[in-house]
Amino acid sequence: MITIKHLSKRFVTPDGKDLQVLKDVNCVINRGEVISIIGPSGTGKSTFLRAINLLDPPTGGEIIFDGENILAKGYPLNKLRQKMGMVFQSFNLFEHMSILDNVTFAPMKLRGLTRAQAEEEARVLLRKVGMAEKAAAMPSDLSGGQKQRVAIARCLAMHPEVILFDEPTSALDPTMVGEVLSVMRQLAAEGMTMLIVTHEMRFARDVSTRIFFMNEGVIYEDGTPQQIFENPVHSATKQFVQRIHKLVFEVDGPDFDMLDVHSQIAAFCNKYNIADKRDAADRIIDTMSTTVAATLHPYTLRFTYGEQADITAIDYMKEGSLQSFLATADTTVREALTSLCREIVEEPTSRGFRVKFIL
Ligand code: ADP
Ligand code: MG
């Protein structure tokens, strides 16, 4: 249905700098697919959707929609607007119009329906999204979840072939997220082609036929929900889906500021609500610093927390080393370390040897 080749988008910032936000995006979207686009913020997900529907035309590449190049001169924008719907984070309802008028406006203008025809269709659509009773209300009378459901009905009123959603639930109170997702779930089940930028991982996993993990202006990884969530190929994908947060210190010599390491760990533990791990972390690092690690420089010290799996760990990596530097430690040191964590994992990696303390 849509083929995107070498799509790029550059912005020139106010201070004259060139910002390459989309680098080389390539994908094929088939009819009936539900594709969730996930990825860290600022990686170009919104820019991608806005480029596809020409709200913010791309600076390079091709978009072929139903066999036609929509970037070609003279391609009618009205036709695109009709075939491709868009739902925004901020609803974008016409605030001065009733709910019914919000839904009938575009079909009357662009599809040439009479008011009676448009209203009849609008009522059916409002019922579908559970908003029939609010037809006469004004947008300001509605909750965020209700507004978003109306926005979806308004979009459906154009009979689009595909709908792009840009974080449709991010502006909502958590209690209202479910009602919007359930409308979207229903559309997906009916076979609507959808492209959804979302942070709702459970939803993305359940309803999508495919997931695009966007990172640094490209589709970094593309796969089924199972591939992306359970078997990601790239470590950036893994870090994102497992919500792994980390602190990394390159400890280059004995003068390295270890007090700063402790205070960064304290702040990190507070931020992610794992303050109960802090004491053990401090003691492991102190024990290591005065024994095994004292002669290990340079080494990499990492403190990681995987939110998904709820695992906190400290690891020491000695580049180029093939065997465990813990093996030569005194038994008393080893026992002290063992008593401070749940498990010690000693493993060779492609970079060097890693000793990991799982807290
Ligand atoms: P995401 O939706 O993944 O969070 P965006 O697509 O909104 O990311 O933004 C990606 C990058 O592009 C950001 O660094 C943002 O500041 C920049 N950007 C987006 N729109 C514009 C614009 N109109 N002018 C300049 N820079 C922009
Ligand atoms: Mg965005």
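Quick look at the structure, then. (Residues numbered from 1 in each chain as written. Chains lettered and ligands numbered in written order. Predicted model: local features only at pLDDT ≥ 70, side-chain atom pairs only at ≥ 80, totals over all residues. Heavy atoms only, no water.)

A sheet is described by the order of its strands in space; here six strands give the open sequence β6-β7-β8-β3-β9-β10, paired in mixed fashion. Where the open sheet ends on each side, the last strands, each with one partner, are β6 (84-87) and β10 (218-223). Each adjacent strand pair in this sheet contributes to an overall mean axis angle of 20°, direction not counted. The pairing of strand β3 (residues 34-38) with strand β8 (residues 193-197) spans four bridges and is classified as parallel. Bridging across to β8, Val 34 finds its partner in Met 194. Contacting β3, β6, β7 (162-166), β8 and β9 (210-215), helix α1 (residues 45-52) crosses the sheet at an angle of about 150° to β7. (Pairing = 2+ DSSP bridges. Helix = DSSP H or I, 4+ residues; strand = E, 2+ residues; numbered from the N terminus. Axes fitted to C-alpha atoms, helices over the stretch in contact; angles between N-to-C directions. Contact = heavy atoms within 4.5 Å.)

The next subject is unusual backbone geometry. The phi angle of most residues is negative, glycine excepted, and most peptide bonds adopt the trans form. Looking along the chain, the bond that leaves His 297 and enters Pro 298 is cis, with omega of -5°. With respect to the helices, strands and loops of the structure, Pro 298 is situated in the loop between α11 (278-290) and β12 (299-306). Despite not being glycine, His 6 shows a phi value in the positive range, around 45°. Locating His 6 in the fold gives a position in strand β1 (residues 2-12).

A few words on the packing of aromatic side chains. Under the defined criterion, the tally for this structure stands at nine aromatic pairs. With centroids separated by 5.4 Å and ring planes inclined at 70°, the aromatic side chains of Phe 94 and Phe 105 adopt a geometry described as edge-to-face. Of this pair, Phe 94 sits in the loop between β6 and α3 (99-110) while Phe 105 sits in helix α3, placing them 11 residues apart in sequence. Taken together, the aromatic side chains of Phe 268, Tyr 272, Phe 303 and Tyr 305 make up a single cluster linked through ring pairs. In this structure, Lys 83 is placed above the aromatic ring of Phe 65, and the distance from its NZ or CZ to the ring centre is 4.6 Å. Geometry around Phe 94 places Arg 154 over its ring, the cationic atom sitting 5.0 Å from the centre. (Phe/Tyr/Trp six-rings, centres within 6.5 Å; stacked < 30°, edge-to-face > 60°. Lys NZ or Arg CZ within 6 Å of the ring centre and 35° of its normal.)

The description of two packed helices rests on the angle between their axes and on the distance between the axes. At a minimum axis separation of 9 Å, helix α4 (residues 115-128) and helix α5 (residues 144-156) run at an interaxial angle of 140°. Between α4 and α5, the interaxial angle falls into the category oblique. Both α4 and α5 take part in a crossing whose hand is right-handed. In this structure, α4 uses Leu 125, Leu 126 and Lys 128 to contact α5, whose residues at the interface are Val 150, Ala 153 and Leu 156. (Parallel < 35°, antiparallel > 145°, perpendicular 65-115°, else oblique. Left-handed = near helix turned anticlockwise from the far one by under 90°.)

Glancing now at the site of ligand 1. With respect to spatial proximity, the complete set of residues near ligand 1 consists of Phe 11, Leu 19, Val 21, Pro 40, Ser 41, Gly 42, Thr 43, Gly 44, Lys 45, Ser 46 and Thr 47. The contact in question runs from an oxygen atom of ligand 1 to an N or O atom on the backbone of Gly 44, over 3.1 Å. Side-chain polar atom of Ser 46 to an oxygen atom of ligand 1: 2.9 Å apart, as the coordinates give it. Among the secondary structure elements, those contributing two or more residues to the shell around ligand 1 are β2 (18-29) and α1. Per-element tally for the shell around ligand 1: the top contributor is α1, with three residues. Looking at side-chain class alone, the shell around ligand 1 contains four nonpolar, six polar and one charged residues. (Near = heavy atom within 4 Å. Polar contact = N/O pair within 3.5 Å; in protein donor to acceptor, adjacent residues only side chain to side chain. Nonpolar A, V, L, I, M, F, W, Y, C, P; charged D, E, K, R; others polar.)

Before going further, it helps to examine the pattern of salt bridges. Tallied over the full model, the rule gives 23 salt bridges. The closest approach of N and O atoms between Arg 149 and Glu 179, which form a salt bridge, is 3.0 Å. Within this pair, whereas Arg 149 is found in helix α5, its partner Glu 179 is found in helix α6 (residues 174-189), the two being separated by 30 residues in sequence. A salt bridge links Arg 354 to Glu 347; the shortest N-O distance between them is 2.9 Å. Under the relative-accessibility criterion, Glu 347 is labelled partly exposed at 24%. Put simply, Arg 31, Asp 66, Lys 83 and Glu 161 are held in one network by salt bridges that share partners. (Salt bridge = Lys/Arg side-chain N within 4 Å of Asp/Glu carboxyl O. Buried < 20%, exposed > 50% of the residue type's maximum accessible area, 1.4 Å probe, protein only.)

Before going further, it helps to examine the environment of Gln 242. The residue Gln 242 is located in the loop between α9 (235-241) and β11 (244-251) in this model. Judged by its relative accessible area of 25%, Gln 242 falls in the partly exposed class. In the structure, Gln 242 is positioned 66 residues away from Gln 308 in sequence and 5.1 Å away in space, judged by C-alpha atoms.

Let's shift gears to the sheet that holds β12. If you trace the five strands from one edge of the open sheet to the other, you get β11-β12-β13-β15-β14, paired in antiparallel fashion. Both edges of this open sheet fall to β11 and β14 (343-348), since each of them pairs with a single strand only. Across the sheet, the mean angle from the axis of one strand to that of its neighbour is 15°, orientation sign disregarded. Strand contacts of helix α10 (residues 258-271): β11 and β12, with the helix running at about 175° to β11, the strand carrying the most contacts. Running at roughly 20° to strand β13 (residues 311-319), α11 makes contact with β12, β13 and β15 (352-358) of the sheet.

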